[in-house]
Each structure stands twice: as C-alpha cells, then as structure tokens.
Amino acid sequence: MEELHSTASLDQEIRDEARRNAELVLQKCAQEENSILTSVQERIELETKRLNKEIDEKISVYEKNVSASLPLEKDRFRIKFIYDSLIGKINGYLEALSEKQIVQLLTEMGKTKCKAFDNFKGLKVFAKTLNITDAQALEIAAGSFADGKNVEVTGQAKINKNEITEGLQINRGLILYTENNQVQVRLTLNEKIKSLLDQDSDKLVKALFGDNL
C-alpha cells in the first residue's frame with residue numbers, strides 16, 4: 001500500500017510540476033506577445049507621426065508657393081488685359097481706315113524707312129504686295145523715295161504667322177527689296193503696330209485707361 005501511495009504521490013508531483021512549467025511557458029508567451037504588440041504599436045505611432053509631419057511640411061510648402069504665385073498671376077492677368085485691350089482698339093482703328101488712308105499711312109512710314117535705298121541708287125528695286133493692289137503698292141513706293149516710281153511689282157509677299165503681332169487681325173502693305181536683296185524694307189501695318197507697341201505703349205495705355213490702372 002505504501003508503494004502505491006508513493007507512486008501516486010510522485011505522479012501527482014510530476015503533474016504539478018508539469019502544470020507549473022506549462023503556466024510559466026504560457027506566461028512567458030503572453031509577456032512576449034504583449035511586448036511584440038507594444039513594439040508594433042510604438043512603431044505604428046512613430047511612423048504615423050513621421051507621415052503627419054511630412055504631410056504638414058508639404059502642405060506648408062504648397063501654401064507658401066500658392067501665396068507667392070498669386071501676385072505673379074495677378075500681374076500676368078493685368079498685363080494680358082491691358083495688351084488685349086490695346087490690340088482690340090488697334091484692330092478697330094485699322095478696320096475703320098479707308099483705302100486712301102491705308103495708302104497714306106504706309107507712304108508716311110515709307111518716307112522714313114526707305115531712306116536706306118538712297119545708298120544704293122542704280123540698283124533695281126522690287127516690291128511684293130500684301131493684301132493691297134499693285135497700283136497701291138506703286139503709289140506707296142513712288143511717295144516713299146526718289147526712285148520709287150521705278151519699282152517693279154513681282155508678286156505677293158508671304159509672311160510667317162509667328163512674325164505677326166499677337167492678336168492683330170489686319171495686315172496690309174508691301175515689302176521692297178533691291179535686286180541683290182541687300183536691302184529689304186517692310187512697309188506693313190504689322191511693322192507699324194510693332195513699332196507703336198515697342199516705342200509708345202505707355203502713351204497708348206495712358207490714352208486708353210487714363211489713371212485707372
């Protein structure tokens with residue numbers, strides 16, 4: 001009987017020891033799991049803070065760029081408005097000119113620009129027309145310089161679109177050139193408007209808007 005009791009007691013001790021070991025293992029696993037979860041949570045929080053900081057910095061940079069660009073956009077809009085208004089008025093003025101006035105305008109222009117031909121007397125001068133008649137071209141040439149009456153019209157001029165003042169709807173006139181093409185003079189409305197915008201834009205703006213800008 002004592003042997004059976006001893007065996008039962010030993011068996012119980014083994015069972016108790018195994019249970020205690022199992023509990024320790026479970027506790028250790030639970031501790032490790034909690035540690036892992038805590039570590040993961042901490043990493044998530046750190047990464048969230050980093051991302052939020054990065055987003056805030058990007059938003060700040062964007063807001064600064066927008067704030068800086070607003071005055072530039074305002075200036076660009078103002079400049080475009082002034083230019084479009086000027087070109088609109090110029091187109092209206094040119095459309096209202098009679099044929100005679102067109103010829104007179106280009107002839108006055110030629111009296112200044114055709115002085116270049118005075119240094120090349122004896123050379124034949126030719127003309128290409130641009131939306132005017134041959135007769136008008138000859139009249140303009142004859143009134144522009146001494147040998148203008150001897151100009152020969154050879155055809156129509158071709159003007160590249162990128163040479164035309166932006167927004168200009170009317171371009172008429174002629175191109176004069178010597179036989180060796182050493183001298184070329186453009187008597188066109190486009191050239192006249194270019195000159196006005198380059199030299200007298202402030203006066204034009206003042207005349208159009210007064211002191212309202």
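Everything here concerns the structure above.
Residues numbered from 1 in each chain as written. Predicted model: local features only at pLDDT ≥ 70, side-chain atom pairs only at ≥ 80, totals over all residues. Heavy atoms only, no water.

Peer 1: So what exactly am I meant to see when it comes to the pairing of strand β3 (residues 173–178) here?
Peer 2: Within a regular beta strand, the side chains point alternately toward one face of the sheet and then the other, so they alternate between its two faces. Counting buried residues along β3, six of its six residues qualify, which places the element largely inside the surrounding structure. Of the two faces of β3, both are covered, the one formed by Gly173, Ile175 and Tyr177 as well as the one formed by Leu174, Leu176 and Thr178. Examined bridge by bridge, strand β1 (residues 125–130) and β3 share six bridges and lie antiparallel to one another. Bridge pairing in β3 places Leu130 opposite Gly173. Two strands pair when backbone bridges link them, and β3 and strand β4 (residues 184–188) are joined in this way by five bridges, in the antiparallel orientation. If you follow Ile175 over to β4, its bridge partner there is Arg186. Hairpin connection, β3 to β4: the antiparallel pair is bridged by five residues, and Asn181 has positive phi, about 60 degrees. (Buried < 20%, exposed > 50% of the residue type's maximum accessible area, 1.4 Å probe, protein only. Helix = DSSP H or I, 4+ residues; strand = E, 2+ residues; numbered from the N terminus. Pairing = 2+ DSSP bridges.)

Peer 1: Please clarify how the sheet that holds β4 should be interpreted in this entry.
Peer 2: Across a sheet, strands are paired by hydrogen bonds formed along the backbone, either parallel or antiparallel in direction. Spatial strand order, β2-β1-β3-β4: four strands in an open sheet with mixed pairing. Each edge of the open sheet is held by one strand with a lone partner, namely β2 (152–156) and β4. Strand-to-strand twist in this sheet, taken as the mean axis angle between neighbours without regard to direction, amounts to 20 degrees. Along the sheet, helix α2 (residues 99–113) makes contact with β3 and β4, crossing β4 at roughly 155 degrees. (Axes fitted to C-alpha atoms, helices over the stretch in contact; angles between N-to-C directions. Contact = heavy atoms within 4.5 Å.)

Peer 1: Just checking my understanding: could you explain unusual backbone geometry for this structure?
Peer 2: Backbone phi values are negative for most residues with the exception of glycine, while trans is the configuration of most peptide bonds. The phi angle at Asn131 is positive, at roughly 60 degrees, despite the residue not being glycine. With respect to the helices and strands, the residue Asn131 is situated in the loop between β1 and α3 (134–144). Positive phi, close to 60 degrees, is recorded for Asn181, a residue that is not glycine. According to the relative accessible area criterion, Asn181 is partly exposed, its value standing at 47%.

Peer 1: Teacher, can you tell me more about the pattern of salt bridges here?
Peer 2: Any two side chains of opposite charge can pair if their charged atoms end up close together. Taken as a whole and judged by the stated rule, the model has four salt bridges. We note a salt bridge from Arg172 to Glu99, for which the minimum N-O separation is 2.7 Å. Taken as a pair, Arg172 in the loop between β2 and β3 and Glu99 in helix α2 lie far apart in primary sequence, 73 residues in all. For Arg186, the salt bridge identified is with Glu163, shortest N-O distance 2.6 Å. (Salt bridge = Lys/Arg side-chain N within 4 Å of Asp/Glu carboxyl O.)

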